[in-house]
Structure formats: C-alpha cells, structure tokens
Amino acid sequence: MPEHVAVIMDGNVRWAQKRGLPAASGHQAGVRSLRELVGLCCKWGIKVLSVFAFSYDNWSRSEGEVGFLMSLIERVVKAELPNFGREGIRVSVIGDLSKLPEQLQKLIIDVEETTKENSRLQFIVALSYSGQCDILQACKNIGYKVKDGLIEPEDINKSLIEQELQTNCTEFPFPDLLIRTSGELRVSNFMLWQIAYTELCFFSTLWPDFGKDEFVEALSSFQKRQRRYGGRN
Amino acid sequence: MDFGDEVQKVYCWISHIGSLGLKVLWHFLHFIVSVWFLARQAAYVLESCFISSGLLKRYEALNLGNLRYLAIVIESEEAHQIPKVIELLNWLATIGVKHVCLYDNEGVLKKSKEAILEKLTDATLFEGVDENNLLLDQEHITLEFASISDGKGAVTKAANILFMKYLKSADSGGSSAESIFTEPHMAEALKAVGCRGPDPDLLLIYGPARCHLGFPAWRIRYTEIIHMGPLKSMKYGSLLKAIYKFSMVHQNYGT
C-alpha cells in the first residue's frame with residue numbers, strides 16, 4: 001500500500017452542471033466523496049492522505065463561489081471534529097492561511113491542536129496552496145535562519161529546503177501516489193517539489209463520482225508499477 | 001480435550017479459512033484489473049496502428065498553436081537507446097514540433113547531446129529564449145537537454161542567489177524577505193544559474209513508471225502530463241494521439 005496518497009479533487013462544478021444543479025450542489029457532493037475516501041484510507045492503513053481543497057489560483061473565482069467554499073469548509077470541519085477524534089485522524093492544513101477568513105483560521109488552529117495526538121491517519125488539507133509559494137516560503141525561512149546566523153550559506157542544500165516545505169508536518173512528505181479526477185492531466189501547482197517520484201494517476205471520473213472502485217483501481221495501478229526513484233533495478 | 005480447546009481449534013480453523021479466502025479474493029481482484037489493463041493495452045495498440053496509417057482523419061492536421069514547448073522525460077535506462085531517441089525526435093520534427101526539452105534523471109541524454117544533434121537534420125541547441133518569443137515558424141527544431149541537476153539542484157543554487165541578495169539588503173536595512181523571495185525573482189535566479197528553458201506546455205513520459213522523475217519542478221505548474229509507456233514500445237500513432245488530445249485541452253488556470 002502507498003504510505004502517502006495525494007488527491008486533486010477536480011470536477012465538482014462540472015458534475016453539478018451535468019445535472020442542471022448549482023455549483024454548490026457539486027461541492028457538497030464532493031464532500032461526500034471525500035468522507036468516503038478518508039474512511040477507506042483509515043481502513044486500509046494508508047498513513048497520510050493529502051487533498052488539494054483550494055488552490056491559491058482559486059481566489060480569482062467569483063466572490064460568491066469563494067465565499068460558499070469557505071463557509072462549506074468551516075461547516076464540514078466543525079461537523080467532522082468528533083469523527084476525527086473517534087477515528088484517530090490527525091488534521092494538518094497547509095497553504096497561505098493568511099488569506100482565509102479569520103474565523104476559519106482560528107478553527108484550523110483549534111482542529112490541528114485538538115487532533116495532534118491522533119495517529120491512525122494524517123489528513124493534510126491544502127488550502128490557498130501553491131507549490132511554487134511552498135518552495136519560496138521554505139527559502140524565505142532558510143533566509144531568516146541564515147540572517148540570524150543559525151545556518152551557514154554553504155550548508156544550504158536540497159534536504160534543508162525539503163525540511164522547510166509545509167509538508168514537514170508529516171513523517172511522509174512525498175506522496176507515493178497522486179490521483180487527479182475529471183480528466184485533466186496536470187498537477188496545477190500542487191506539491192511541485194514533493195512529487196518528483198510520485199505515481200501520477202489521472203481519472204476521467206468527476207470527483208463526486210470517485211468512490212471505492214476507482215480508489216481500488218488507482219491502488220492496483222500503483223502496485224503494478226515498477227518504481228525506481230531515479231535509481232536502477 | 002476439553003470444550004475450550006475444541007473452540008480454540010475451530011476458531012483457528014475459521015481464521016485460516018477466512019485469511020485464505022481474503023487472499024484469494026485479493027488475487028482475483030488483481031486478476032480482473034490485470035485483464036482489464038491488458039484489454040485496454042490491446043485496444044491502444046490497435047488504435048495507434050489506425051492513427052499511424054492515416055485511417056483516422058482527425059489526426060491528419062494537428063493544430064500546434066498551443067504547443068510552444070514540449071518536454072520529453074525518458075527513464076534513464078531507456079535513455080541509452082539513442083537510436084530510439086533520435087527516431088522520436090524525427091517524428092516530432094515531422095509533426096511540426098519546434099522546441100523540445102529532453103530530460104532524464106541521470107543526464108544520459110546530456111552526455112549524448114553531440115551524438116543526437118549530429119544525427120538530426122536541422123536541429124540546434126536551445127539558447128534560452130523568452131517564453132513569449134518562441135518562434136513556431138522556424139525551419140529547425142531546438143533541443144534543450146536537462147537532468148536532475150537542473151531540477152531541485154538548480155532551485156537550491158537559485159535560492160542561494162536570493163539568500164545573498166536578502167543578506168546584503170538586510171545588512172543595509174533595505175528590502176524585506178517578502179520582496180526578495182518572489183516567483184519572478186526565483187525565475188530570474190534560475191535563468192542566472194543556467195536554467196533558461198520555459199515552462200513546457202506538454203510533458204510526455206517514456207518509461208515504466210508514471211512519474212516525471214525529477215523534471216524541474218518549478219516549470220510544471222500547468223503542464224499537461226501524459227504517460228506514453230516504455231520507449232522501446234513507442235508508436236507514432238500514440239504520439240500523434242497525445243499531441244492531438246493536448247491540442248483540444250482548455251485550461252482554466254484555477255479560475
């Protein structure tokens with residue numbers, strides 16, 4: 001089994017449009033798919049699940065849709081809090097959280113604090129996240145440390161940058177498997193540094209229709225691949 | 001033997017049967033998925049033959065307007081098959097692709113740069129051009145060669161340039177970290193360390209695993225990625241289909 005699975009949950013709005021429903025219905029259906037996936041990951045012993053819930057680029061969507069998404073995320077997190085405890089799920093949130101509504105920022109701090117001792121599954125939610133910004137903030141943090149004399153410039157290497165990426169919140173920062181739904185064949189600025197050797201699995205299924213069968217197919221495909229991480233056999 | 005031992009025996013027996021049953025079920029599921037993949041592969045090969053033979057008309061006139069820069073990632077062991085690489089590049093030239101970045105993790109293609117350029121007619125080395133100035137109507141194909149040192153290694157070197165700028169600026173009470181560590185500054189610093197290639201529009205992966213093997217991460221934010229299978233099984237029809245599919249894509253860029 002992969003230790004870390006990452007998912008780009010794409011297709012909620014298209015799902016709703018196909019059914020003549022408002023975009024909000026698509027996002028709500030997407031939440032149901034996410035609940036199912038989290039449950040499967042817990043059952044099947046996957047250690048880390050990362051989901052790309054809201055990209056930094058998504059801020060340019062309509063105010064109405066962004067506002068709805070922010071309140072949906074808040075409602076879902078509050079509703080699932082007891083479940084996180086019961087199922088042993090540790091929640092971590094990565095991204096530029098300074099752009100989120102203040103209420104949501106406070107809620108995220110609370111949830112991370114409340115669930116930090118849970119160890120069955122680490123659930124990483126990427127909100128207002130950009131892979132390039134992740135690399136830059138890692139460099140900025142190292143810059144501060146160099147300025148404060150904590151690191152010598154000549155000691156800076158790839159490992160140091162990796163330690164400062166926002167995925168340093170987990171023991172398994174590099175996804176083994178990345179799933180993207182809705183038929184798009186790109187990573188859209190998600191975990192750019194971290195996915196060098198990640199198995200990429202693109203599904204044409206829209207996110208609200210992604211369920212157990214599709215997840216099994218992705219896992220089977222992962223297990224069949226011969227991965228060498230840039231080395232030799 | 002008492003009742004407890006009998007119950008224990010039955011429990012063990014049920015547990016073994018259950019475990020065996022689960023193993024059989026798992027292998028059966030794997031078998032079904034394998035058959036499905038095999039059938040899909042056969043259909044893929046057949047379709048590729050039809051495309052190569054020109055039977056499927058829609059692949060005849062490709063619109064390459066959106067394909068300004070193409071990246072090819074080849075698994076390093078397969079990258080030693082230089083004749084295959086040259087054949088692939090000739091196919092791309094025939095299709096009309098003008099700018100290609102060839103990448104493999106270990107730099108095998110970089111080391112074979114001269115041999116590759118010699119065998120291709122009208123191919124030149126990529127000199128580094130602004131993304132907006134990539135010419136699509138030039139006669140020759142330009143080639144960029146990249147390896148792992150142009151990926152994370154290059155970002156580390158570029159970051160060092162920004163660190164030096166930041167330290168200098170902090171000492172003189174100048175710019176803050178926020179104004180130094182920005183995307184445009186990182187892009188400039190990458191050019192300064194020799195990574196002048198633009199973001200590819202399309203990335204084709206030739207190899208057993210469906211991953212990009214460390215292709216410069218900074219450059220693939222919105223790049224379409226297609227896994228083509230092993231280089232030894234490459235097909236002209238599959239290449240045409242991949243480029244055709246790309247030409248039909250519309251990107252929202254998150255909006």
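Residues numbered from 1 in each chain as written. Chains lettered and ligands numbered in written order. Predicted model: local features only at pLDDT ≥ 70, side-chain atom pairs only at ≥ 80, totals over all residues. Heavy atoms only, no water.

- The record in UniProt for chain B states the following under Subcellular location (unreviewed entry): "Endoplasmic reticulum membrane".
- For chain B, the Catalytic activity (unreviewed entry) comment in UniProt is given as "n isopentenyl diphosphate + (2E,6E)-farnesyl diphosphate = a di-trans,poly-cis-polyprenyl diphosphate + n diphosphate". (UniProt positions renumbered as here; feature names shortened; annotations may be inferred.)

- Looking at an unreviewed UniProt entry, one finds chain A named Alkyl transferase, with Vitis vinifera as its source organism.
- According to the UniProt record, the Function (unreviewed entry) comment for chain A is "Catalyzes cis-prenyl chain elongation to produce the polyprenyl backbone of dolichol, a glycosyl carrier-lipid required for the biosynthesis of several classes of glycoprotein."
- Per UniProt, chain A carries the Pathway (unreviewed entry) text "Protein modification; protein glycosylation."

## Details of unusual backbone geometry
Residues and elements named next belong to chain B.
- The backbone of Asp122 shows a phi angle near 60°, a positive value even though the residue is not glycine.
- Structurally, Asp122 is set in the loop between α5 (113-119) and β3 (123-125).
- Overall, the relative accessible area of 55% leaves Asp122 in the exposed class.
- Phi is positive for Leu213, close to 55°, though the residue is something other than glycine.
- Relative to the helices and strands, Leu213 is located in the loop between β5 (202-206) and β6 (224-229). (Helix = DSSP H or I, 4+ residues; strand = E, 2+ residues; numbered from the N terminus. Buried < 20%, exposed > 50% of the residue type's maximum accessible area, 1.4 Å probe, protein only.)

## Quick notes on the domain arrangement of chain B
Residues and elements named next belong to chain B.
- Looking at chain B, the domain boundaries give domain 1 (1-55), domain 2 (65-151 + 195-248) and domain 3 (153-194).
- The straight-line distance from the C-alpha centre of domain 1 to that of domain 2 is 38 Å.
- Each partner contributes residues to the interface: domain 1 has 6 residues there, and domain 2 has 7 residues.
- Of the roughly 600 Å² buried where domain 1 meets domain 2, counting both sides, 55% is carbon and sulfur surface. (Domains from an automatic or database assignment. Contact = heavy atoms within 4.5 Å. Buried area = accessible area lost by both parts, 1.4 Å probe.)

## Quick notes on the packing of helix α2 (residues 23-43) of chain A against helix α3 (residues 63-87) of chain A
All names here are of chain A.
- For the pair α2 and α3, interaxial distance at closest approach is 11 Å and the crossing angle is 25°. Taken together, the axes of α2 and α3 are roughly parallel relative to one another. For α2 against α3, the interelement crossing comes out right-handed. Residues Ala24, His27, Gln28, Val31, Arg35 and Cys42 of α2 form the contact with α3, whose participating residues are Glu65, Phe68, Leu69, Leu72, Arg75, Val76, Glu80 and Glu87.
- Per-class residue counts for the contact of α2 with α3 are 7 nonpolar, 2 polar and 5 charged. (Axes fitted to C-alpha atoms, helices over the stretch in contact; angles between N-to-C directions. Parallel < 35°, antiparallel > 145°, perpendicular 65-115°, else oblique. Left-handed = near helix turned anticlockwise from the far one by under 90°. Nonpolar A, V, L, I, M, F, W, Y, C, P; charged D, E, K, R; others polar.)

## Some details on the interface of chain B and chain A
- Taken together, the 54 residues of chain B in the interface contact 50 residues of chain A.
- Across the interface of chain B and chain A, roughly 4700 Å² is buried in total on both sides, 59% from carbon and sulfur atoms.
- Linking chain B with chain A are 15 residue pairs in polar contact (both at pLDDT 80 or more).
- Taken together, the elements giving at least two residues each to the side of chain B that touches chain A come down to α1 (3-52), α6 (152-171), α7 (177-180), α8 (183-192) and β6 of chain B.
- In terms of residues, the side of chain B that touches chain A owes the most to one element, α6(B), which gives 11 residues.
- Tallied by class, residues from the side of chain B that touches chain A come to 27 nonpolar, 17 polar and 10 charged. (Polar contact = N/O pair within 3.5 Å; in protein donor to acceptor, adjacent residues only side chain to side chain.)

## Some details on the domain arrangement of chain A
Residue and element names in this part refer to chain A.
- Segmenting chain A into domains produces domain 1 (4-129 + 174-224) and domain 2 (131-165).
- The straight-line distance from the C-alpha centre of domain 1 to that of domain 2 is 27 Å.
- Of the residues lining the interface, 7 residues belong to domain 1; the matching set on domain 2 comes to 8 residues.
- Buried surface at the junction of domain 1 and domain 2, summed over both partners, amounts to about 710 Å²; 68% is from carbon and sulfur atoms.
- Three residues stand out in domain 1 for area buried against domain 2, namely Tyr129, Leu192 and Trp193, and they jointly supply 67% of the buried area on that side.
- Here domain 1 and domain 2 share 5 residue pairs in polar contact (both at pLDDT 80 or more) between them.

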